[in-house]
Amino acid sequence: MASAAMELLGRSFLAGPPSVGAGRERGGGPCFAAAGREQGRSRRAPLRSAAPVGALAERVVVTPAPAERAGAAPPEEEEEEGPARHHPRSFPARAVVTVRRRRKEDAKRRVAEQLDAYADRLGRSVLLELVSTEIDPRKGVPKRSRRSALTGWYEKKDVKSERVVYTAEFTVDGSFGDPGAVTVLNRHQREFFVESIVVEGFPSGPAHFTCNSWVQPTRVDRNPRVFFTNRPYLPHETPPGLLELRRHELSVLRGEEGIAAADAAGERRLTDRVWEYDVYNDLGNPDKGAEFARPVLGGHQLPYPRRMRTGRPKTFTDERAESRVEYPEPTYVSRDEEFEEGKNEMLSEGALKALLHNFMPLLVSSVSPDIRDFAGFHDVDNLFKEGLRLKQALQDQLFQKIPFVRKIQENSEGLLRYDTPDIIKKDKFAWLRDDEFARQALAGINPVNIERLQAFPPVSKLDPAVYGPPESAITEEHIIGQLDGMSVAEALEGNRVYMLDYHDIFMPFLDRINALDGRKAYGTRTLFFLTAAGTLKPIAIELCLPPMTEGCRRAKRVFTPPADATSNWLWQLAKAHVCSNDAGVHQLINHWLRTHACMEPFIISAHRQLSAMHPIFKLLKPHMRYTLKINALARQILINGDGVIESGFTPGRYCMEMSAFAYREIWRLDQEGLPADLIRRGMAVEDPSKPHGLRLLIEDYPYATDGLLLWSAIERWCGAYVATYYPSDDSVLGDAELQSWYAEAVGTGHADKRDAPWWPRLSTPADLASLLTTLLWLTSAQHAALNFGQYPLGGYIPNRPPLMRRLVPCEGDPEHAHLVADPHRFFLSALPSLTQTTTFMTVIDTLSTHSADEQYLGERPDEAWTADPAALAAAREFADEVRRAEEEIERRNADAGRRNRCGAGVLPYELMAPTSGPGITCRGVPNSVTI
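Bear in mind the structure is a predicted one, so any value in this text is a computation, not a measurement. Throughout, a residue's number is its position along its own chain's written sequence, starting from 1. A pLDDT threshold of at least 70 governs which residues receive local features in this predicted model, and a stricter bar of 80 or more applies before side-chain atom pairs are shown or counted, although totals over entire chains, interfaces and linings include all residues. Side-chain figures throughout are based on the complete set of non-hydrogen atoms in the structure, without hydrogens or water.

Student: How should the overall build of the protein be read in this particular structure?
Tutor: Here a strand is any run of E in DSSP of at least two residues, a helix any run of H or I of at least four, and the numbering for each starts at the N terminus. For the protein, the count of helices and strands is 32 helices and 20 strands. Relative accessibility decides the category of a residue: with a 1.4 Å probe and only protein chains considered, values under 20% of the type maximum give buried, values over 50% give exposed, and everything between is partly exposed. Each of the 931 residues in the protein was classed as buried or not, and the buried ones make up 60%. It only takes one pair of heavy atoms within 4.5 Å for two residues to be counted as in contact. In the protein, 76% of the contacts between residues at least 6 apart in sequence involve partners at least 24 apart. Every accessible area reported is derived by Shrake-Rupley at a probe size of 1.4 Å, with residue values counting cover from the shown protein chains alone. Accessible surface for the protein amounts to roughly 37300 Å². Of this, 53% is attributable to carbon and sulfur atoms.

Printed below as a string of structure tokens:
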């Protein structure tokens, strides 16, 4: 009876209009209720009620218009082939289509899927067409098979498997040639995800089509989707039958043709696959008030990379600003860039965890303002032992007013408790030690700012008329006693002095930052000495403020390792300010700017200019996964006005202006590769006798030593791959798609820096291999090193406070007396508050998490990603080299001679270890920027 009812629903569903206006669709879901306008001219053959359902499904024939055969958008009513008219040399062929279903469906989607299955049985099927690599000599167009319906949709409607296989049968003319493309026309009401298509029966053997794409129904897009063979073709090698399809598909992705072209300047629908550029004009919301407005990033005033265009309307109060879509409402990215189920499940679990983690602190701070700060270090420790426990009097007060609070605390005790960060698992007090403070500059969350001091004293590059004398206040007398008997000149000559220098990046913003409520910062410089044991020790910290008056004693203060109790706490506060500077630069510049934002233009341009058949697109594809989606989410909740970054880091509302300042003053693609970066920072010198062509000046520099293993593996992989397709300089220069990709990424995606003289050339195979090595390094190993240690190494806030709320008091100040009277409480009051701490911990917990569907360096789940045996062999060698690098990293972490990664209470350095399980592991190198 239920089956009969569903079949009746299916008939009613089928009888409605075949093409419903999609409008702006959230998530591509079906629209069942109302009849819409027909898109284009389509005629439906009347159903004969006396005919059996099975007969209707088996044979419905509509003859296509000849003109539409040559175009890209034949009418949706053309159906499967009728009785075969056999060519003397015709033969049967079959397309095997693997469709991936959602593991979890809500009731609406389950009903829609059943309706699609019944409609499919009644003739509203999915149609496939094979396109030959050859041109029909009589018609001058590509040879095409007749369309064939995908079979099995109704029969497999109740299959619970995640992957379901359907087939389509063809009778192919003997002169057809090889299949080079498959078109898919979805006449259901819902989109579906095609994982792969394999065409069997041809004399040349099976043809593989790696799809991994959503196919929209004809009510959303009347044009059939095109999927190309996995055989790579450079533009000049494209078979004649695929030339026009190759051009057309790229034009569709640019929004120049297809359904999106009709509204080129309008808002993009979530079902679109269009890739376009825009500036960062959606971080603020001026319609809510001036305090929520944020400047546009991108342009002469604040140069910045470009991001994916959404086309949303402008705000009412500022025509330069784009209106926002607030999370969890989705913002536009090309449909196939959306997260898959595994990633969404991880983020949903993180959101629940965040809700529970933040609920109690927010509740406590709102009800009892006097405990917004930590009373002592035991309060911080209790976050990991038992969660936030409430004092009895406060419990009684809350339970009386809000009864459900008791149940939350009783039933969610495990979720209210934070995981213990790795940094305090082996040694709870390691973070207090100077050697650990220094070690983290080499093997911590941000190991990419340490540099060798090459001239003393350090000198600022800022305008002295605005920021005072450029020379550092650190003198030889401050450090001479810490140099193992050397003079300063001897220590510099021996490459023994190193520095973290955040003076110039913070100084232009300090007046504005320090005017914010609850934010205090300096521009810091920290000097380290390289000991005979190969470890660093801090020897001086300089805290700088813009001078208020000439000779202002507060403008530059120098701290040295302590000699008494009071100077010890002043030293700890100075180190905390250095860590706060370091945390801001790490998140805003090294992490977000360099691995997220600066990569987005290269990804957008790759989809606009490189065909899916292009071998370089095939190389880049796994390294572009999820990046546009995670960047779009960042604009919604992380880098937006009053978002997580502004709330959690010292620069506050000036965070993204600081990021733009760094882009203008610092970022250069030619220095983003690991060897170039190490040489720029003076951490290495060229040495052809060394395995990687470099000699590290600190031999036990875990980030660099492990990074060079992966850099070299990527470099050899890219070199071998490029050599397969580009035998000469002319082959690189003559590749129009390749040159357009790079030219657009630079000229449009990085438009504000396009005239810089340092952009790498793209004229030779070596140029191409070098460029690809840098891009793959940044999206994989560099991002992993900067991201997946955030909670394990930064989750204990006293070790690495992301913001500071107090300056270091001077003797004679009232605050100095408070420090002396209760140093623990004063120190903790300078750090983030309770709610700031728990919010920050919750966010970096999610950011440090690997999802179950992560794809790691050297892995390609789609084994048929290319049909080129040489490329597959090079990929296998790359995977083997990555595995060997992982084994070497394990050996290094067990080497007691490497004191920066092995020893009592010392954490191993595993952020460059390529593989990982799901969760927070402080290791694992995904192929792409996935979080």
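There is more to say after this.
Student: Please explain unusual backbone geometry as it appears in this structure.
Tutor: Leaving glycine aside, a negative phi is the common case for residues, and trans is the common case for peptide bonds. Of note, the amide linkage connecting Tyr 327 to Pro 328 takes the cis form, showing an omega dihedral of 15 degrees. Turning to its location among the elements, Pro 328 is positioned in the loop between β11 (307-308) and α6 (341-367). Here Phe 456 and Pro 457 are connected by a cis peptide whose omega angle stands at 0 degrees. Here Pro 457 lies in the loop between β12 (451-452) and α12 (464-467). Although it is not a glycine, Asp 484 sits at a positive phi angle of roughly 55 degrees. Note that Asp 484 resides in the loop between α13 (476-479) and α14 (488-493).

Student: I tried to follow the layout of surface pockets on my own but got confused; where do I start?
Tutor: If you roll a probe as big as a water molecule over the atoms, it shows you where there is empty space left. Whether a set of points on the 1 Å grid over the protein atoms alone is a cavity depends on a 1.4 Å probe fitting there but being unable to get out, while an open set qualifies as a pocket with protein on both sides within 12 Å along at least five of seven lines; lining residues are those with an atom within 4 Å of a point. Grid points are joined across faces, edges and corners, and a volume is the space filled by probe spheres set on the points. Put simply, the second largest pocket is a space of about 1100 Å³. For the second largest pocket, the lining is made up of 32 residues, of which Glu 451, Lys 461, Asp 501, Ile 666 and Arg 680 are closest to its centre. Breaking the lining of the second largest pocket down by element, the ones donating at least two residues are β12, β13 (497-501), α15 (503-506), α17 (565-597) and α22 (655-665). Sort the elements by how many residues they give to the lining of the second largest pocket and α17 lands first, with five residues. Any residue outside Ala, Val, Leu, Ile, Met, Phe, Trp, Tyr, Cys, Pro, Asp, Glu, Lys and Arg is labelled polar, Gly included; the first ten of those are nonpolar and the last four are charged. Per-class residue counts for the lining of the second largest pocket are 16 nonpolar, five polar and eleven charged.

Student: Honestly, the side chain of Asn 640 in this entry has me stumped. Any pointers?
Tutor: Topologically, Asn 640 is positioned in the loop between α20 (627-637) and α21 (644-648). Taking the relative accessible area as the measure of exposure, Asn 640 reaches 6% and is therefore buried. Identification of polar contacts relies on pairs of N or O atoms within 3.5 Å, with a donor-acceptor requirement for protein atoms, meaning one able to donate a hydrogen and the other able to accept it, and with residues adjacent in sequence counted only if both atoms are side-chain atoms. A polar contact of 3.2 Å, which involves the side chain of Asn 640, links it to the backbone oxygen of Gln 636. Each residue touching Asn 640, except ones within four places of it in the same chain, is listed here: Leu 283, Arg 324, Ala 634, Arg 635 and Glu 646.

Student: What am I meant to see in empty space enclosed by the protein here?
Tutor: Following the criterion strictly, the structure yields 14 cavities of 30 Å³ or more and no others. Space inside the largest cavity adds up to approximately 290 Å³. Along its surface, the largest cavity is lined by 21 residues, and Asp 221, Arg 225, Val 252, Ile 259 and Arg 273 are the ones closest to its centre. Those elements giving two or more residues to the lining of the largest cavity turn out to be β9 (225-228) and α5 (243-253).

Student: Would you take a moment to explain the packing of aromatic side chains for this structure?
Tutor: Given two aromatic rings, their pairing is described by the distance between the two centres and the angle made by the two planes. Classification of ring pairs uses Phe, Tyr and Trp, with its six-membered ring standing for Trp, and accepts pairs whose centres are within 6.5 Å; under 30 degrees between planes counts as stacked, over 60 as edge-to-face, and the remaining range as tilted. In the structure shown here, the tally under the stated rule is 30 aromatic pairs. Here a set of aromatic residues connected by ring pairs shows up, and it is made of Tyr 280, Tyr 304, Trp 592, Tyr 663, Trp 667, Trp 758 and Trp 759. For Arg 512, the ring lying beneath its charged end belongs to Tyr 654, and the centroid distance is 4.8 Å. Note on criteria: charge over ring means Lys NZ or Arg CZ within 6 Å of the ring centre, with the direction from the centre no more than 35 degrees off the ring normal.

Student: Is there a simple way to think about the sheet that holds β12 in this case?
Tutor: Adjacent strands of a sheet form backbone hydrogen bonds with each other and so pair up, either parallel or antiparallel. Read from one edge of the open sheet, five strands run β12-β13-β14-β15-β16, paired in antiparallel fashion. The sheet is open, and its two borders are formed by β12 and β16 (556-559), each paired with just one other strand. Docked against the sheet, helix α11 (residues 434-443) engages β13, β14 (523-530) and β15 (536-544), running at close to 85 degrees with respect to β15. Angles here are taken between N-to-C directions and fall from 0 to 180 degrees, while the axes themselves are lines fitted to C-alpha atoms, restricted in helices to the stretch in contact. Taken strand by strand, α17 contacts β13, β14, β15 and β16, and its axis lies near 80 degrees from that of β15. The rule for pairing is simple: two strands pair if DSSP sees at least two bridges between them.

Student: I would appreciate a short explanation of the pattern of salt bridges in the present structure.
Tutor: Pairs can form between side chains of opposite charge whenever their charged atoms are close. Counted as salt bridges are all cases of a side-chain nitrogen of Lys or Arg within 4 Å of a carboxyl oxygen of Asp or Glu. Scanning the model with the defined rule gives 66 salt bridges in all. One salt bridge connects Glu 338 with Lys 629, and the closest N-O pair in it is separated by 3.0 Å. Placement of the pair is Glu 338 in the loop between β11 and α6 and Lys 629 in helix α20, with a sequence separation of 291 residues. Each member of the pair, Glu 338 as well as Lys 629, is classed as buried.

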